[in-house]
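Geometric and topological summary
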Amino acid sequence: FADPRADYRAHQTEIDAAIARVLTRNRYILGPEVAAFENEWAAYLGVAYAIGVGNGTDALELALRALRIGAGEVVVTTSNTAVATVAAIELAGATPLLVDVDEETLTMSPALLREALAQDRERKIKAVIPVHLYGQPADMPTLMALAAEHGARVIEDCAQAHGAAVGGRKVGTFGDAAAFSFYPTKNLGAIGDGGAVVTNDHLLGNVLRLLRSYGWGERYISEEPGMNTRLDELQAAILRVKLPHLDAANERRREIARQYDDSLGKLARLRLPKPAPEARHVYHQYVIRVREGSRDDLRTQLGEIPTAVLYPLPIHLQPAYKNRVAIFDQLPVTEAAAQTLLCLPIHPSMTDAEVARVAAAIAHWHG
Ligand SMILES: *Cc1c(COP(=O)(O)O)cnc(C)c1O
């Protein structure tokens with residue numbers, strides 16, 4: 001479905017050289033590759049500081065810890081996300097509150113965030129984590145304004161949205177901090193786990209650097225209780241090879257999305273992604289919605305064509321969270337989407353002919 005090996009083949013000489021460079025240098029943790037990648041990633045986004053960490057989940061947890069958000073405090077996010085988003089809130093000691101999403105974009109509904117904040121009389125909501133789901137930016141200008149009015153911090157979950165933007169400004173530069181994952185199948189992927197937190201705040205950047213490595217200021221001296229969550233040299237070296245190709249890979253994803261839009265747009269019983277006009281969607285996933293009850297039939301018809309359902313079960317309905325995690329009112333849009341959504345293949349290495357074949361098979365099923 002996703003194909004990290006195609007990325008390797010596309011840049012094999014450079015990646016092999018990067019690996020050899022790290023192995024012969026004999027420096028594996030927090031060395032020159034991580035420092036260089038942090039600078040290059042910050043420059044790419046247009047943000048002051050990037051701090052490489054072990055994975056995207058840790059990036060979210062670390063951002064919450066660095067913002068001093070934890071026990072007895074509430075963090076608002078959505079239920080149709082990677083379980084990591086909600087897990088990180090609990091790992092930081094805080095309490096998640098899940099709100100429903102916008103019917104069109106499936107990202108956090110500003111109207112419902114407004115209501116949730118209005119009902120927070122005890123002012124327990126200290127942070128909001130919008131998820132740029134599928135590579136589609138959440139409505140950051142509106143969400144930022146609402147959070148600011150309430151005095152809540154904003155951490156963007158950018159794990160699916162490397163290079164996405166709103167009005168020309170990249171996601172990850174709006175919030176107090178933002179978390180990225182470099183899991184192999186993400187738009188920018190390593191060959192193992194990896195992540196980063198980014199921020200424009202100098203003090204926050206310093207705290208994040210301490211927290212990712214035992215709270216050490218100087219070696220062996222912890223200035224505060226920290227974690228061990230570090231991007232390693234090998235992953236950083238490979239990410240440095242791939243970063244210069246990110247924009248082209250995203251452009252290819254957008255081109256494939258246009259081809260799907262063109263060929264599926266006429267099919268009345270399908271609902272296609274419809275990003276806001278000012279949003280640059282980077283199509284980590286191209287997600288259609290079908291009539292309730294017809295998804296299994298479509299998947300069967302597609303046969304060998306790989307599809308996926310991200311996510312089949314909203315977090316508030318999962319065994320680990322059900323009847324325990326707080327939800328704001330009901331989550332009808334989230335629950336309906338989980339029943340009807342389908343992710344079509346959209347890897348940058350797909351050819352136009354492959355895209356056409358997927359579209360034709362869907363049109364054939366649709367009739
Ligand atoms: C992948 C992902 C994460 C977690 O990243 P890991 O690197 O796998 O820990 C968090 N949030 C979202 C939306 C993701 O897609």
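The paragraphs below set out a description of the structure included in this document. (Residues numbered from 1 in each chain as written. Predicted model: local features only at pLDDT ≥ 70, side-chain atom pairs only at ≥ 80, totals over all residues. Heavy atoms only, no water.)

Notes on the environment of His 202
Relative to the assigned elements, His 202 resides in helix α8 (residues 202-211). Separated by 153 residues in the primary sequence, His 202 and Tyr 49 place their C-alpha atoms 7.5 Å from one another. A polar atom in the side chain of His 202 sits 2.7 Å from the side chain of Tyr 49. (Helix = DSSP H or I, 4+ residues; strand = E, 2+ residues; numbered from the N terminus. Polar contact = N/O pair within 3.5 Å; in protein donor to acceptor, adjacent residues only side chain to side chain.)

Concerning the pairing of strand β8 (residues 177-181)
Burial within β8 is extensive, with five of its five residues counted as buried. Neither face of β8 is exposed, since Ala 177, Ala 179 and Ser 181 on one face and Ala 178 and Phe 180 on the opposite face are all buried. Here strand β5 (residues 153-157) runs beside β8; their pairing, made up of three bridges, is parallel. Note on β8: the bridge partner recorded for Ile 155 is Ala 177. Sheet topology places β8 next to strand β9 (residues 195-199); four bridges connect them, and they run antiparallel. If you follow Ser 181 over to β9, its bridge partner there is Gly 195. (Buried < 20%, exposed > 50% of the residue type's maximum accessible area, 1.4 Å probe, protein only. Pairing = 2+ DSSP bridges.)

Some details on the packing of helix α4 (residues 56-66) against α8
α8 packs onto α4 with a crossing angle of 120° between their chain directions and a minimal axis gap of 9 Å. One way to sum up the angle between α4 and α8 is to call them oblique. As α4 runs across α8, the sense of the crossing is right-handed. The segment α4 lies against α8, with Leu 62, Ala 63, Arg 65 and Ala 66 engaging Leu 204, Val 207, Leu 208 and Leu 211. Taken together, the residues of the contact of α4 with α8 sort by class into seven nonpolar, no polar and one charged. (Axes fitted to C-alpha atoms, helices over the stretch in contact; angles between N-to-C directions. Parallel < 35°, antiparallel > 145°, perpendicular 65-115°, else oblique. Left-handed = near helix turned anticlockwise from the far one by under 90°. Contact = heavy atoms within 4.5 Å. Nonpolar A, V, L, I, M, F, W, Y, C, P; charged D, E, K, R; others polar.)

Some remarks on empty space enclosed by the protein
One water molecule sets the probe size; rolling that probe over the atoms shows where empty space is left. A complete count under the given rule lists two cavities of 30 Å³ or more for this structure. Lining of the largest cavity is provided by Glu 104, Thr 105, Leu 106, Tyr 134, Gln 136, Leu 272, Pro 273, Lys 274, His 281, Gln 285, Val 287 and Arg 289. Across the lining of the largest cavity, the residue classes break down as five nonpolar, four polar and three charged. When its volume is computed, the second largest cavity comes out at roughly 40 Å³. Lining the second largest cavity we find Asn 80, Tyr 134, Leu 310, Tyr 311, Pro 314, Thr 334, Ala 337, Ala 338 and Leu 341. Considering each element in turn, the lining of the second largest cavity owes the most residues, three residues, to helix α12 (residues 332-340). Within the lining of the second largest cavity, the residues separate by chemical class into seven nonpolar, two polar and no charged. (1 Å grid on protein atoms, 1.4 Å probe; cavity = no way out; pocket = protein on both sides within 12 Å on 5 of 7 lines; lining within 4 Å. Points joined across faces, edges and corners; volume = space filled by probe spheres on them.)

Concerning helix α9 (residues 233-242)
Taken across its 10 residues, α9 has eight buried, putting it largely inside the fold. Among all positions of α9, only Glu 233, Gln 235, Ala 236, Ala 237, Ile 238, Leu 239, Val 241 and Lys 242 are buried. The N-terminus of α9 is capped by Asp 232, whose side-chain oxygen sits 3.0 Å from the backbone nitrogen of Leu 234.

Describing the state of the cysteines
This structure, assessed with the given rule, holds zero disulfides. Left unpaired, Cys 343 is separated from the closest cysteine sulfur, that of Cys 158, by 19 Å. The class of Cys 343 is buried, set by a relative accessible area of 0%. (Disulfide = S-S within 2.5 Å.)

Topic: the sheet that holds strand β6 (residues 165-166)
Strand order in this open sheet of three strands is β7-β6-β10, and the pairing throughout is antiparallel. Two strands close off the open sheet at either side, each with one partner strand: β7 (169-170) and β10 (279-280). One ladder, built from two bridges, connects β6 with β7; its direction is antiparallel. The residue bridging Val 166 from the neighbouring strand is Arg 169, located in β7.

Observations regarding the site of the ligand
Lining the immediate surroundings of the ligand are 14 residues, of which Gly 56, Thr 57, Asp 157, Ser 181 and Lys 186 lie closest. Taking Gly 56, its main chain carries an N or O atom lying 2.7 Å from an oxygen atom of the ligand. Side-chain polar atom of Gln 160 to an oxygen atom of the ligand: 2.9 Å apart, as the coordinates give it. When the free accessible area of the ligand is taken as 380 Å², the share hidden by the protein chains comes to 90%. Of all the cavities here, the one that holds the ligand is the largest pocket. Counting only elements with at least two residues in the shell around the ligand, the list comes to α4 and α5 (83-91). (Near = heavy atom within 4 Å. Areas by Shrake-Rupley, 256 points an atom, 1.4 Å probe, with all protein chains shown as cover. Sits in = over half its atoms within 2 Å of the grid points.)

A word on the pattern of salt bridges
Inspection of the entire model under this criterion finds 22 salt bridges. The salt bridge partner of Lys 242 is Asp 7, with a shortest N-O separation of 3.6 Å. One end of the pair, Lys 242, is in helix α9; the other, Asp 7, is in helix α1 (residues 4-10), with 235 residues separating them in the sequence. Overall, Lys 242 belongs to the buried group, its relative accessible area being 8%. Residue Asp 352 pairs with Arg 252 through a salt bridge whose shortest N-O separation is 2.8 Å. Here Asp 352 is found in helix α13 (residues 352-366), whereas its partner Arg 252 is found in helix α10 (residues 246-264), with 100 residues between them in sequence. By relative accessible area, which is 42% here, Asp 352 ends up partly exposed. Shared partners join several salt bridges into a network, and the residues in it are Arg 21, Arg 25, Glu 33, Glu 40, Glu 233 and Arg 240. (Salt bridge = Lys/Arg side-chain N within 4 Å of Asp/Glu carboxyl O.)

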